[in-house]
Each structure stands twice: as structure tokens, then as C-alpha cells.
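Now for the letters of each chain:
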Amino acid sequence: MGSQEVIKIEEDFILIRFQNDENDNMLVKRPVDQGLIQFHFGIKGKAKFVFNQGTYALDLKEEQSLLLYNPQKELPLNLELAPNTWVISVIISIKKFHTLFSTEAEYIPFLSSENQDKKYYNDGKISPSMSIVLSQIFHFNLNPSIKNLYYRGKGYELLSLYFNRTEDPNAEQCPFLIDEENVMKIRQAKEIILSNIAEPPGLQELADKVGLNLKKLKMGFKQIYGDTVYGFLFDYKMDYARKLLDSGSYNVNEVGLKIGYSTGSHFIAAFKKKYATTPKKYLMSINPNT
């Protein structure tokens, strides 16, 4: 169920691609030695990191990053990926990391002398330039003979962009200006369709709204989110419908109307296509007394 690929970039420096395209949660457990820094990037969907035998959890949402470091104890990877979720993780030793940023130790908060023996945690947004690199890592399509070299370059690029505090997508000197603008427009397109799930705009109208031509919108959306615009929207609508049913506050017809289906039969067919069961049977499975 789902897949993971571990890419060894160098000694004490690995990159892991997690991909769950199934309809069920994907659970991953992996030991992580003490003294290793973990960077996690949510590309699509949502994931959760569980610690201390389930007593504590951290969410990793789409377009969010997490940095985890604890020099005092091991932080094993106990990761739960929801359906249709992609995550990229970078794990690197503190020793290796110091060699990369030896002259910038005071600039990186958890490398400063007063923090070197303390645990450190940080979350943040994935910048447009990081989105581009993460997308390139996920959609690798090069000759196997240069695979390691390609991933090594992308691993270093990702770390450098992560710590680029002064990144400004509008700065003229930014080498990713055109690509970053497109990424931001595609993210805007995603927000538009999600805020209008019952009546989403047509593709051409959506492209016009965000200032992209139709081809760039379709190609860019597929590259960043791994699906077509309407494929992505369909998955979101079905997930939202399931949550509405879970709440117990709406009947099947009301849920269908909320997500844009004018007839119950169309909603039932769509729900069955996604979950291989009808909304009514789903309700009965979660509440046998209904």
C-alpha cells in the first residue's frame, strides 16, 4: 500500500520519497539515529508524525515543512500518510550539516553555540522555489546513470533554499523569477477552485483569472499537485463529502448539494467511484444504527 524510495545521496545524507496514491492510510516506521536532522516537506495531501507511542503528534499539511532535531535522543520516523499524499524527507547528520554551513553557524538558529545541545523544531511554508525543486525530485525522468548526481544536486539545492531567509519572489535578481511566478499563480488557481467547489470556473476562465495560458495552467498544476485540475478537485470534494457524512449533521442529498451535485444519483455515482461504496452504505458502516 503506497510506496517509498530511499535515495542515498552521500554518507549520512539520505532523501526519501513517500507516495500514497491509495484510498487507505499508509503507515511508515523507520529508525533514525541520534544526531540526525530531519526535514519533511508536504507536497500533496496531509501526513502526521507520531511520537512517544502515540502520546504526541505533529501534522504535516500540504505546502508545509517541518524541521526536527533532538541531540539528546533518537527520533524514529513514525509517519502516517492520508490517502493521496506525497511527502519528501531529507535526513542528514549534524556533522555533515556543519560542514555545509560551517561559516554560517550563527545564522542557522539550531547551529548556534547556545543551541547546539538543545532540541529544535520548526515549521513553515514551502516557498515557490522549493516547490519547483520538490516537484523535480518527484517527477525525475533522467537516465539512471546520472540519477545519484541529479538527486545530490537537488538535495543541496533544497537545503539552500530552505535557509534562504531573504527570498523574495518579486526580486529581479531571483534566478527562479518566471518559474516562481507561475508556481504562485498555480497555487492561486488551486485556492480558487477549492473556494468554489460547488461551482468551479471552467479551465479557460481559471487560466484567465490567474494570468496563465491554458497549457501552462494544465501542465503546471499536474507537475505541482500530481493531478489534473478537475482530478484534484474531485479528490478534494470526495474527501470533504466523507467528512460531512462523518459529522452526522447532513443527509446524503444535502452533502451532494454542498459539493456541487444537483442530483443525488450523480453524487452517489461519484462517491462510489472514489470509495467503492455508496454514501448510504458508508454511513451505515460508521453508524450501524442509522
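Computed from a prediction, not measured in an experiment: that's the story for all the values here.

## What to know about empty space enclosed by the protein
And then number 1: What the rule picks out here adds up to one cavity of 30 Å³ or more.
And then number 2: Size it by volume and the largest cavity reaches roughly 80 Å³.
And then number 3: If you trace the largest cavity, you find it lined by Gly42, Ile43, Glu63, Ile126, Ser131, Leu134, Ser135 and Ile224.
And then number 4: Put simply, the parts of the chain that give the lining of the largest cavity at least two residues each are β4 (36–44) and α2 (128–138).
And then number 5: A per-element tally of the lining of the largest cavity places α2 first, with three residues.
And then number 6: Grouping the constituent residues of the lining of the largest cavity by class yields four nonpolar, three polar and one charged.

## Details of the pattern of salt bridges
And then number 1: Within this structure, the stated rule accounts for 15 salt bridges.
And then number 2: In this structure, the salt-bridge partner of Glu157 is Lys154, at a minimum N-O distance of 3.2 Å. Taken as a pair, Glu157 and Lys154 lie in helix α3 (residues 147–162) at a separation of three residues, close to a single helical turn.
And then number 3: Take Lys154: its relative accessible area is 13%, and that puts it in the buried class.
And then number 4: In this structure, the salt-bridge partner of Lys274 is Asp235, at a minimum N-O distance of 3.0 Å. Taken as a pair, Lys274 in helix α9 (residues 264–275) and Asp235 in helix α7 (residues 229–247) lie far apart in primary sequence, 39 residues in all.
And then number 5: Looking at Lys274, the relative accessible area reads 10%, which means it is buried.

## Focus on the layout of surface pockets
And then number 1: Of the pockets and cavities examined, the largest pocket occupies roughly 820 Å³.
And then number 2: Taken together, 29 residues form the lining of the largest pocket, with Gly45, Lys46, Pro83, Asp239 and Lys243 sitting closest to its centre.
And then number 3: Per-element tally for the lining of the largest pocket: the top contributor is α7, with seven residues.
And then number 4: Tallied by class, the residues present in the lining of the largest pocket amount to nine nonpolar, five polar and 15 charged.
And then number 5: Here the second largest pocket defines a volume of roughly 460 Å³.
And then number 6: Taken together, 20 residues line the second largest pocket, and the ones lying closest to its centre are Phe51, Asn52, Tyr56, Lys73 and Leu75.
And then number 7: Of the residues belonging to the lining of the second largest pocket, the class tally is 11 nonpolar, four polar and five charged.

Quick notes on the rules
- Residues numbered from 1 in each chain as written.
- Predicted model: local features only at pLDDT ≥ 70, side-chain atom pairs only at ≥ 80, totals over all residues.
- Heavy atoms only, no water.
- 1 Å grid on protein atoms, 1.4 Å probe; cavity = no way out; pocket = protein on both sides within 12 Å on 5 of 7 lines; lining within 4 Å.
- Points joined across faces, edges and corners; volume = space filled by probe spheres on them.
- Helix = DSSP H or I, 4+ residues; strand = E, 2+ residues; numbered from the N terminus.
- Nonpolar A, V, L, I, M, F, W, Y, C, P; charged D, E, K, R; others polar.
- Salt bridge = Lys/Arg side-chain N within 4 Å of Asp/Glu carboxyl O.
- Buried < 20%, exposed > 50% of the residue type's maximum accessible area, 1.4 Å probe, protein only.

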